[in-house]
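# A look at the structure
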Amino acid sequence: MNKILITGACGQLGSELTAELRSIHGNDHVIASDVSEPNPLMGEGPFEHLDVLDRPRIESIIDQYKIDTIYHLAALLSATAEKNIHLAWDLNMGGLLKILDIAKKKSLEKVFWPSSIAVFGPDAPKIRTPQTAACNPATVYGISKLAGEQWCSYFHRKFGVDVRSLRYPGLIGYKSLPGGGTTDYAVDIFHKAIRGEEFHCFLNRDTALPMMYMADAVKATIELMQAPAENITIRTSYNVAAISLSPGDLAAAIQNDIPGFKIRYEPDHRQAIADSWPISIDDTPAQTDWGWQPSYNLQSMTDDIIRQLPVFWNLDTA
Ligand code: SER
């Protein structure tokens, strides 16, 4: 049975991934950590306050719990990173390098680290962007993800660290609130729609981006980590695709369930970030190497969120 440490466990992905890993491995086998306070979403189980730049503390938690696997999620997202470029670099890169170094030193079994579609810049093909398309990111977040991918590949090649990674599209979930990403309008929009409020969208109606329902993101992460090492041919980070959607597409899908829903488009500084990213992703290697297939499309995701969100947040929508 693995002993798992999750950094950034209070984040949008971290909370849901922690809960799922606890249901698979048992609560006591999954140690959640973050600089923030723990939330109920991640389920019962050990929690440690951890700043991922504090190497001695990371090592002592690993020793204390006999950790063999790390999901290293702590990072700043794209929009926040543009406002704090030095902090973004220090945190996103410094944290990863420490984790990789510790994984090598302590011969950990596996490491997971999230990359992003933000590694692609304006010169990559926009439609079905291939795994090997040029990576010339236009944001500091994208630069940190691209450099991180190369560090992962280096530590695997040079030191045999079994580190695996996904280039996540925008992740859409209803359980946790967004944290500074450019794709986060697609989370906010549901909270407004359910409350019967008009949504002011910070991207244009037709700005399509690659997106994925949180349930699929958790599934992809676990499937990648469970795949036999010999199947993993990409040690930078795998393209993974699910849904390509624009704010207009998402609004239309919501209006199928909530006909009175209204949206207004008021693009801000995040429009330029979105314009530098792909519209859709080709994920052929993920399909071939470890059988990746998403379970949700735009309407099935929308229907599920609209059904579950009010119950989860205890809202009276009658
Ligand atoms: N969802 C992320 C963001 O918007 C992209 O990886 O920052």
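Our subject is the structure listed above.
Along each chain, residues carry numbers from 1 onward, in the same order as the chain's sequence is written. Reporting in this predicted model follows two pLDDT cut-offs: at least 70 for local features of residues, and 80 or more for side-chain atom pairs to be given and counted; totals over whole chains, interfaces and linings ignore these cut-offs and use all residues. Side-chain metrics in this entry use all non-hydrogen atoms of the structure; hydrogen atoms and water are not considered.

### Description of the overall build of the protein
The secondary structure listing takes helices from DSSP runs of H or I that are at least 4 residues long and strands from runs of E that are at least 2 residues long, numbered from the N terminus. Looking only at helices and strands, the protein has 11 helices and 12 strands in total. Using C-alpha atoms as the atom set, the radius of gyration is obtained and then compared with a globule rule of 2.2 Å times the number of residues to the power 0.38. At 19 Å, the protein has a C-alpha radius of gyration in line with the 20 Å of a compact globule built from 318 residues. Each principal axis of the C-alpha distribution contributes one length, and for the protein these read about 55 × 45 × 40 Å. Throughout, exposure labels follow a simple rule: accessible area from a 1.4 Å probe, protein chains only, divided by the maximum for the residue type, with under 20% read as buried, over 50% as exposed, and the rest as partly exposed. Every one of the 318 residues in the protein was classed for burial, and the buried ones make up 55%. Contact between two residues is taken to exist if any of their heavy atoms lie within 4.5 Å; hydrogens are not considered. Across the protein, contacts joining residues at least 24 apart in sequence account for 78% of those joining residues at least 6 apart. Under this rule, positive means Lys or Arg and negative means Asp or Glu; His and the chain ends count for nothing. We put the charge of a Lys on NZ, of an Arg on CZ, of an Asp on CG and of a Glu on CD. Distance between charge centroids for the protein: 4 Å, based on 28 positive and 38 negative side chains.

### So, the site of the ligand
The nearness test applies per residue and asks whether one of its heavy atoms lies within 4 Å of the molecule or strand. The environment of the ligand is made up of Leu 77, Ser 78, Ser 116, Tyr 141, Gly 170, Gly 181, Thr 182, Thr 183 and Trp 277. Counted as a polar contact is a pair of N or O atoms within 3.5 Å, where, for protein atoms, one must be capable of donating a hydrogen and the other of accepting one, and residues adjacent in sequence contribute only when both atoms are in side chains. The side chain of Tyr 141 places a nitrogen or oxygen atom 3.0 Å from an oxygen atom of the ligand. A distance of 2.8 Å separates a nitrogen atom of the ligand from a polar side-chain atom of Thr 183. Calculation of accessible area relied on Shrake-Rupley with a 1.4 Å probe; when residues are assessed, cover is drawn exclusively from the protein chains displayed. When the free accessible area of the ligand is taken as 240 Å², the share hidden by the protein chains comes to 94%. A pocket, in this scheme, is an open set of points on a 1 Å grid over the protein atoms alone with protein on both sides within 12 Å along at least 5 of 7 lines, while a cavity is a set where a 1.4 Å probe fits but cannot get out; residues line either one if an atom lies within 4 Å of a point. Grid points define the cavity or pocket, and a molecule sits in it when more than half of its atoms lie within 2 Å of them. Mapping the ligand onto the cavity grids shows that it belongs to the largest pocket. Residues are sorted three ways: Asp, Glu, Lys and Arg are charged, Ala, Val, Leu, Ile, Met, Phe, Trp, Tyr, Cys and Pro are nonpolar, and all the rest, Gly among them, are polar. Residue composition of the shell around the ligand, by class: 3 nonpolar, 6 polar and no charged.

### Points about the pattern of salt bridges
Note that side chains of opposite charge can pair when their charged atoms are close. We define a salt bridge as a contact between a side-chain nitrogen of Lys or Arg and a carboxyl oxygen of Asp or Glu at a distance within 4 Å. Counted according to the given criterion, the structure contains 15 salt bridges. Residue Glu 59 is joined to Lys 105 by a salt bridge in which the shortest nitrogen-to-oxygen separation is 2.8 Å. Here Glu 59 is found in helix H2 (residues 55-65), whereas its partner Lys 105 is found in helix H4 (residues 85-105), with 46 residues between them in sequence. Notably, a salt bridge pairs Asp 162 with Arg 235, separated by 2.6 Å at the nearest N-O pair. Of this pair, Asp 162 sits in the loop between helix H5 (140-159) and strand E6 (163-168) while Arg 235 sits in the loop between helix H7 (214-226) and strand E10 (238-239), and the two are 73 residues apart along the sequence. Each member of the pair Asp 162 and Arg 235 is classed as buried. A cluster of three or more residues bridged by salt bridges with shared partners is formed by Arg 55, Glu 59, Asp 63, Asp 101, Lys 105 and Lys 106.

### Topic: the packing of H2 against H4
To characterise two packed helices, one gives the angle between the axes of the helices and the distance between these axes. Only the stretch in contact is used when a helix axis is fitted, and all axes are lines through C-alpha atoms; the angle between N-to-C directions ranges over 0 to 180 degrees. Close contact between H2 and H4 brings their axes to 11 Å; oriented N to C, the two are set at 40°. Taken as axis vectors, H2 and H4 run oblique relative to one another. Viewed along their axes, H2 and H4 form a crossing whose handedness is right-handed. Across the interface between the two elements, Arg 55, Ile 58, Glu 59 and Ile 62 from H2 touch Lys 98, Ile 99, Asp 101, Ile 102 and Lys 105 from H4. Broken down by class, the residue content of the contact of H2 with H4 amounts to 4 nonpolar, no polar and 5 charged. Oblique is the label for any angle not covered by the other classes, which are roughly parallel (under 35 degrees), roughly antiparallel (over 145) and roughly perpendicular (65 to 115). Left-handed describes a crossing whose near helix is turned anticlockwise from the far helix through less than a right angle; right-handed describes the clockwise counterpart.

### Thoughts on the pairing of strand E1 (residues 4-7)
Burial along E1 is two-sided: Ile 4 and Ile 6 and Leu 5 and Thr 7, pointing in opposite directions, are all buried. Here, strands pair whenever DSSP counts at least two bridges between them. The pairing of E1 with strand E2 (residues 30-34) spans 3 bridges and is parallel. From the neighbouring strand, Leu 5 faces E2, where its bridge partner is Ile 31. One crossover worth recording links E1 to the parallel E2 by way of helix H1 (residues 12-25), and it is right-handed. The pairing of E1 with strand E4 (residues 69-72) spans 4 bridges and is parallel. Considered in E4, the bridge of Ile 6 is made with Tyr 71. By convention a crossover is right-handed if, when the strands point away from the viewer, the path from the first strand over the helix to the second runs clockwise.

### Some details on the packing of helix H8 (residues 247-257) against helix H11 (residues 298-312)
Running from N to C, H8 and H11 point in directions that differ by 55°, and their axes come no closer than 9 Å. The pairing of H8 with H11 is recorded here as oblique in orientation. For the element pair H8 and H11, the recorded crossing hand is right-handed. Across the interface between the two elements, Asp 249, Leu 250, Ala 253, Ile 254, Asn 256 and Asp 257 from H8 touch Leu 298, Gln 299, Met 301, Thr 302, Asp 303 and Ile 306 from H11. Tallied by class, the residues present in the contact of H8 with H11 amount to 6 nonpolar, 3 polar and 3 charged.

### Overview of the sheet that holds E6
Reading across from one edge, E3-E2-E1-E4-E5-E6-E10 is the order of the 7 strands in this open sheet, with parallel pairing throughout. Among the strands making up the open sheet, the edge pair consists of strand E3 (47-49) and E10. Relative to E10, E6 runs parallel, the two being bridged by 2 bridges. Looking across to E10, one finds that Arg 167 is bridged to Asn 239. Lying over the sheet, H2 contacts E1, E2, E3 and E4, oriented at roughly 160° with respect to E3.

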